[in-house]
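# Topology and contacts: notes
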Amino acid sequence: PKKEVLDLGFWQDRQDEDMFGNSVSENPFVGVLRVKGFCWFGPSQWVGMLEDAWRHDTAMYMSHAGRHMSVNAAGKWWDTIPKENLPKFFDEGNEAELQRILREDFVTEEFGDRRQELVFIGVDIDEPAIRVALDECLLSADEMETYREDLANFRVASSTSN
């Protein structure tokens, strides 16, 4: 049988900028191999057809390894349960874990255990630059005040509709 010779070529595209126009060399996440932990995402819309108010009470779990990344609902924050009912969720003899959660995980009286808690694993990680990048994702003081107002309005509307 006759063999056909294929003329295959090779082409590689390399950019010095990411898809947002940022220099790859300035990316603070270069060297990060793995990220995992819990996140608190605020709703983008409290009411209406596309409401996602459930985000306020839902702990999200973020996992990043190499090219794979996911963010999934991990359950409710402990703060969504009245404190007097929390012991029901712990096996007998595990009261120390409940006390640890109340002492260490409840970071504010206002929002309970809702928080950002991520672990970064990698090589030559630039922790200060990563902290700056992550802090840019947080709400400003004015945005946080608006969040508090929206949450209060949502709670009033929810209590009157039941």
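Here the structure is shown first, and the text comes after it.
This one's a predicted model, so the numbers in the text were calculated from it and none came from an experiment.

Calculation notes
Within every chain, residues take consecutive numbers counted from 1 along the sequence as written. pLDDT decides what is reported in this predicted model: residues at 70 or higher carry local features, side-chain atom pairs at 80 or more are listed and counted, and totals for whole chains, interfaces and linings draw on all residues regardless. Note that water and hydrogens are dropped before the side-chain values are worked out from all heavy atoms of the structure. The secondary structure listing takes helices from DSSP runs of H or I that are at least 4 residues long and strands from runs of E that are at least 2 residues long, numbered from the N terminus. For every residue, the accessible area (1.4 Å probe, protein chains only) is compared with the maximum for its type, and the residue is labelled buried under 20%, exposed over 50%, or partly exposed between those bounds. Among buried residues, the Ala, Val, Leu, Ile, Met, Phe, Trp, Tyr and Cys ones that are joined through side-chain atoms within 4.5 Å form a nonpolar core. Working rule for contacts: check all heavy atoms of both residues, and any pair within 4.5 Å makes them a contact. Definitions used for this entry: grid spacing 1 Å over protein atoms alone; cavity, a set of points where a 1.4 Å probe fits but cannot get out; pocket, an open set with protein on both sides within 12 Å along at least 5 of 7 lines; lining residue, one with an atom within 4 Å of a point. Grid points are joined across faces, edges and corners, and a volume is the space filled by probe spheres set on the points. Amino acids outside the nonpolar list (Ala, Val, Leu, Ile, Met, Phe, Trp, Tyr, Cys, Pro) and the charged list (Asp, Glu, Lys, Arg) are all regarded as polar, and Gly is one of them. The working definition used for a salt bridge is a side-chain nitrogen of Lys or Arg within 4 Å of a carboxyl oxygen of Asp or Glu. Throughout, a disulfide means two cysteine sulfur atoms within 2.5 Å of one another. Pairs of strands are assigned from DSSP output, requiring at least two bridges between the strands. Taking the helix axis as origin, the arc is that swept by the directions to the C-beta atoms.

### Brief notes about unusual backbone geometry
The phi angle at Asp124 is positive, at roughly 50 degrees, despite the residue not being glycine. Along the chain, Asp124 falls in the loop between β4 (117–122) and α2 (127–135). In this structure Asp124 comes out as exposed when scored by relative accessible area, which is 74%.

### As for the nonpolar core
Among soluble globular proteins, nonpolar side chains are generally buried collectively. The biggest cluster of nonpolar side chains holds nine residues, and these are Trp40, Trp46, Ala53, Ala59, Trp77, Phe111, Met144, Tyr147 and Leu151. Here this core gets three residues from one element, more than from any other, and that element is helix α3 (residues 141–161). In this structure, Trp40 is in contact with Arg55, His56, Trp77, Phe111, Arg114, Arg115, Gln116, Met144 and Tyr147, ignoring residues within four places of it in sequence.

### A look at the layout of surface pockets
In this structure, the largest pocket occupies an estimated 1,200 Å³ of space. In this structure, the largest pocket is lined by 31 residues; those nearest its centre are Gln116, Leu118, Leu134, Cys137 and Leu138. If you list the elements that add at least two residues to the lining of the largest pocket, you get β1 (32–39), β2 (58–65), β4, α2 and α3. Per element, the largest residue contribution to the lining of the largest pocket is six residues, and it comes from α2. Each residue belonging to the lining of the largest pocket can be placed in one class, and the counts come to 21 nonpolar, four polar and six charged.

### A short note on the pattern of salt bridges
Across all of its chains, the model carries twelve salt bridges by this definition. Residue Arg55 pairs with Asp52 through a salt bridge whose shortest N-O separation is 2.7 Å. With relative accessibility at 25%, the residue Arg55 sits in the partly exposed group. Salt bridges here are not isolated pairs; linked through shared partners, they connect Glu97, Arg100, Arg103, Glu104, Asp105, Arg115 and Glu117.

### A word on the state of the cysteines
Here the structure, examined in full by the defined rule, presents zero disulfides. Cys39 takes part in no disulfide bond, and the closest cysteine sulfur, belonging to Cys137, lies 10.0 Å away. When its relative accessible area of 4% is taken as the criterion, Cys39 is described as buried.

### Let's talk about the pairing of β2
Of all eight residues in β2, six are buried, a share of seventy percent or more. Where β1 and β2 come together, six bridges link them in antiparallel fashion. Across the sheet, the residue bridging to Val35 is His64, located in β2. As judged from the eight bridges shared by β2 and strand β3 (residues 68–76), these two strands associate in the antiparallel manner. Counterpart to Ser63 in the pairing with β3 is Ser70. Hairpin connection from β2 to β3: two residues lie between these consecutive antiparallel strands, with Gly66 at a positive phi of about 60 degrees.

### So, helix α1 (residues 95–105)
Of all the residues in α1, the buried ones are Leu98, Ile101 and Asp105. Within α1, the buried residues cover an arc of 80 degrees as seen down the axis, which keeps them to one side. Among the exposed residues of α1, those pointing more than 90 degrees away from its buried face are Ala96 and Arg103.

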